[in-house]
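A structural walkthrough
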Amino acid sequence: MIDYYNHTFVVFLLLSLGIFELGSCTENPSQTNNNVTVKCIQSEREALVSFRAGVNNIPGKLSSWVGEDCCQWNGVECDDESGHVTKLNLRNPAGCHSHFDYIQRDSQYANRPCEACVVVGRAHRRSLLGNVNVSLSGKISPCLGNLSWLTHLDLEGNYNLSTKNLNWVSSLSSLEYLYLGGVKINHTKSDWLHAINMLPSLLELTLYSCELEHLPSSLTFLNFTSLQILDLSYNPFNTSIPKWLFNLTSLTQLDLSFSNQGGKTLDSFGRLLGSLKYLYLGGNHFSGSIPASIGNLSSLEELDLSYNEMNGTIPESFGQLSKLVKLYLLENFWRSVITEAQLKNLTSLEEFALTTNNKSQPLVFNVKYDWRPHFKLKILHLESCCIIGPKFPVWLQVQTKLTYVTLRNVGIEGTILEEWFSTISSQLTYLDLSNNQIEGNLQHQLVFPKLTKLFLQSNFFSGPIPSNISDLMPSLQYLDLSENLLYGKIPLSISKIKHLNILVLRRNNLSGELPHHWNKSQRDLRVVDISYNNICGKIPSSMGFLGNLSILVLSNNNLSGEIPSSLQNCSIVSMDFGGNRLSGDLPSWIKSDIFMLRLRSNLFNGTIPKKWCNLHKLRILDLAQNNLFGSIPDCLNNFTAMVDHNIVGYEPIENYTEKAYIVTKGREYEYDRTLQLVTCIDLSENSLTGGIPIQITSLTRLGTLNLSMNHLNGSIPKNIGNMRWLETLDLSNNRLFGPIAGSLSSLTSLVHLNLSFNNLTGRIPSGYQLQTLIDATIYKGNPSLCGSPLPTKCPGDETSDGPSITGVDDKQGGDDYERIWFYASIGLGFVVGFWSVCGTLLLKKSWRHCYFRFYDDIKDRIALLIALRVVQLKRKFVLEKN
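Residues numbered from 1 in each chain as written. Predicted model: local features only at pLDDT ≥ 70, side-chain atom pairs only at ≥ 80, totals over all residues. Heavy atoms only, no water.

1. Structural notes on the side chain of S555
For clarity, the cut-off: To qualify as a helix, a DSSP run of H or I must reach at least 4 residues; to qualify as a strand, a run of E must reach at least 2; elements of each kind are numbered from the N terminus. Only protein chains enter the area calculation, which uses a 1.4 Å probe; residues under 20% of their type maximum are buried, those over 50% are exposed, and those in between are partly exposed. Any two residues whose heavy atoms approach within 4.5 Å are treated as being in contact.
Counting through the fold element by element, S555 comes out in the loop between strand 35 (551-553) and strand 36 (558-561). Assessed through its relative accessible area of 2%, S555 is described here as buried. Look past the residues within four positions of S555 in its chain and what remains in contact with it is S531, Y532, D576, F577, G578, N580 and R598.

2. Section: the confidence of the model for the chain
Definition in use: The quantity known as pLDDT measures the predictor's confidence residue by residue, on a range of 0 to 100.
Summing up the model confidence of the chain, the mean pLDDT is 85 and the portion of residues at 70 or higher is 86%. A low-confidence stretch, residues 26-37 (pLDDT under 50), is modelled with 11 contacts involving residues beyond four sequence positions or located in other chains. Low pLDDT, under 50, characterises residues 800-814; the stretch is placed with 29 contacts to residues that sit more than four places away or in other chains.

3. Some points on the state of the cysteines
The criterion, for reference: Cysteine sulfurs are considered disulfide-paired once they come within 2.5 Å of each other.
Within the structure shown, the criterion is met by 4 disulfides. At a sulfur-sulfur separation of 2.0 Å, the disulfide partner of C71 is C78. Between C71 and C78, the disulfide has an S-S torsion of -100 degrees and is therefore left-handed. The two residues C71 and C78 agree in class, both being buried. Across the disulfide from C613 sits C635; the S-S distance is 1.4 Å. Residue C613 is found in the loop between strand 40 (603-606) and strand 41 (620-622), and its partner C635 is found in the loop between strand 42 (627-631) and strand 43 (660-664); the two are separated by 22 residues along the sequence.

4. Notes on the sheet that holds strand 12 (residues 262-263)
Put simply, the rule is: Here a strand pair is declared whenever DSSP counts at least two bridges between the two strands.
Strand order in this open sheet of 3 strands is 12-14-16, and the pairing throughout is parallel. If you trace the sheet from one side to the other, it starts and ends with strand 12 and strand 16 (309-310), each paired once. Summarising the sheet, strand 12 and strand 14 (residues 285-288) pair through 2 bridges and their orientation is parallel. If you follow G263 over to strand 14, its bridge partner there is F286.

5. Overview of the side chain of S233
Counted only if it meets this: In protein, a polar contact means a hydrogen-donor-capable atom and an acceptor-capable atom, both N or O and within 3.5 Å, with residues adjacent in sequence counting only if both atoms are side-chain atoms; elsewhere, any N or O pair within 3.5 Å suffices.
Here S233 lies in the loop between strand 10 (229-231) and strand 11 (253-255). A polar side-chain atom of S233 sits 2.7 Å from a polar atom in the side chain of D231. In this structure, S233 is in contact with H97, L207, Y208, S209, D255, L256 and S257, ignoring residues within four places of it in sequence.

6. Details of the pattern of salt bridges
Heads up, the condition is: Salt-bridge detection follows one rule: a side-chain nitrogen of Lys or Arg within 4 Å of a carboxyl oxygen of Asp or Glu.
Summed over all chains, the structure comprises 18 salt bridges. Here K184 and E211 are joined by a salt bridge, their closest N and O atoms 3.9 Å apart. Placement of the pair is K184 in strand 8 (residues 184-185) and E211 in the loop between strand 9 (204-206) and strand 10, with a sequence separation of 27 residues. On the basis of relative accessibility, which here comes to 37%, the residue E211 falls in the partly exposed class. The partner of D529 in a salt bridge is R506, with the nearest N and O atoms 2.7 Å apart. A residue pair is termed long-range when its members are at least 10 positions apart, and D529 in strand 33 (residues 527-529) and R506 in the loop between strand 31 (502-504) and strand 32 (509-513) qualify at 23 residues. Owing to a relative accessible area of 0%, D529 belongs among the buried residues under this scheme. A cluster of three or more residues bridged by salt bridges with shared partners is formed by R91, D154 and E156.

7. Concerning the pairing of strand 28 (residues 460-463)
On a regular strand, one side chain projects to one face of the sheet and the next to the other, so that they alternate. Here strand 28 shows one buried face, formed by F461 and G463, and one open face, formed by F460 and S462. In this sheet, strand 28 lies alongside strand 26 (residues 437-441) in parallel orientation, the contact comprising 3 bridges. Paired with N441 across the bridge in strand 28 is S462. Pairing geometry for strand 28 and strand 30 (residues 485-489), over 2 bridges, is parallel. Across the sheet, G463 pairs through a bridge with L486, a residue of strand 30.

So, in structure tokens, the structure goes:
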């Protein structure tokens, strides 16, 4: 009897397992082959199929997800005995972020501290999003929650994936590793954390760039106390750092980079247990000093406080971090002094980066000249601080393992020992010694086989550039020797450096001709800036082989001849040849993508090409001081970048800032970082004829218009007031006639105006911005002009005691426009006032009755007062008569 019941129970159990389904996650029974024996659990296979149905398959990513045995699918691992799915790894490696990847990127923003944090943060995220083409996309099916044996879930780097919430994660009670970095999580306040808190075995949690905004400040109970790694970076949290975070006693790595945290709560991190090895807090708003309690983190190996608002000191307790390997303190406002006390015990230090924006009290390295530290650095980045000592200090000379060196604007003077260069030359990849006072010649013997970036600008280096530079630095990509005292010829071997990307030799004393042997192998070359030297000869036609050349700056040299037509093979977006002796016709082949065309102060002749009307991205056109003739093209309204501010010039180029002098507001200004915001047309000092084309007035974003010293005639366009962003208008020394357009007073941004030496007539307009331009020389040389600020009065002004406030329109009468508005405002005020009272009384019956009762009451009181007064007067009259 007992055996009978045992057999019945077994049969019942098998039947139950055979018909078990899991809600909406089941697969169509018709698609299931019951005759095939599978290794993986059917319900878990169906959960994976549901996940696959919700995402768009990337070729090669889920192509193996066919067949019955899901344990053989790409990214899926199962337990060998039970067949349960234990790991799901669909990570996109191209989208995963890494720490300290902005060490080289930040150098291009070295002079832009206010922008650095935002720019680096965006650049970092953009570099990840650039790989979304190999990312899974779609929505994560909550059926993944049915993989109850899952210990490892990795969907990191898939920026096109999203999930409604994380409720399904709470079912994965065995989960130990959860990587969802880059996955968009649509959550409501604290629900995402409550789901995570249901995972008692969790060891590592990565949720960077998940668009999380709320970080709950408290939890009823903390369930994931075994957590070792927590990454919540790149989330725009609107809450402060929670207290429960400091109860994670097993934590070894914490990343809150670029998570909108701030205040002086940095003190709290000093209370974390000594088990913490990696602490990343860069890109936030922390302020104050590094707390002395930082010395308690005895196991700390990596610390990043870059891009914050730290404005205090670095404590001596830093010297207790003997295991520290990487220390990044970029872009803060550090002050006070660093001595041997903060550095002497950092025996494991390999990477040290510190920059400060505190100009009033810069951070000072006050160590003994002959001090020798125990650490051996591989990366050293110091900027805008002060290294004390008349000579290159010994603690830097003994760093012989360096591969990356930035000592920018640190006050180094004199020469640097050749022995130091010789010890690091073989492994050095990056060298920036710019903005110091270093003297001496460039090295002509040392070979730097791995050096890719060399920045020596703004020093006192002298002598020639090594003639064999291509042999000394064959891997060079960025070369900036600008603003030094270099002389001699540009070595021909520069054209042999195949991977050269940027070449900047601006403001030296270089002479001779440009290299003639540019070739197609230099396809990476994007910038050539050799301005402000003594280069002579012609522009070599071989530069046309540089197909990716974007910026070509050869201004202020002694170049002659014509612009070679081969340059049309390049991708030039900025061409600055000003201040030379170039001649011939203007090149008509200029491409439509050009942002700046600066050819001023040359010997060009001929007319302005009609084809230039297609330059829709042009923002700066400077053809001043040439021999151009003919009329101004009537199609300048096609310069749409001077109308639409959303059209940008070109993407910023890493490690290069273009500089150019622009004549505006009556003076010559040098623009660098803001150059792409400038809009300018300067055709002055030529021999142009004809009238000012009316189409030019449609350039509403134009900032400077200079047509002076030509032979232009006709009148000033009446609708010139449409150019509301115009700051500089110079039409002087032409043959313009007629009245000054009254709309000129509408130019509210105008700060510089010159209409002198023309044949203009009539009254000078006034009002608005023109009332601030009271210099009489603005209108000098126009004998038929009258009115303020000229001493000549207009007819009808003789009896006036003060200056006329009227403008000049086509009828030269009073300002009818203002008079009409004056009377209209009076009438409008009367109508509004009248109907505000009477209309209310008509519409509101109770108010109407109240008003008339009040009116009757006042009338009765007045009548009574009059009657009493009359009686009093009568009595007084009778008494006086008696």
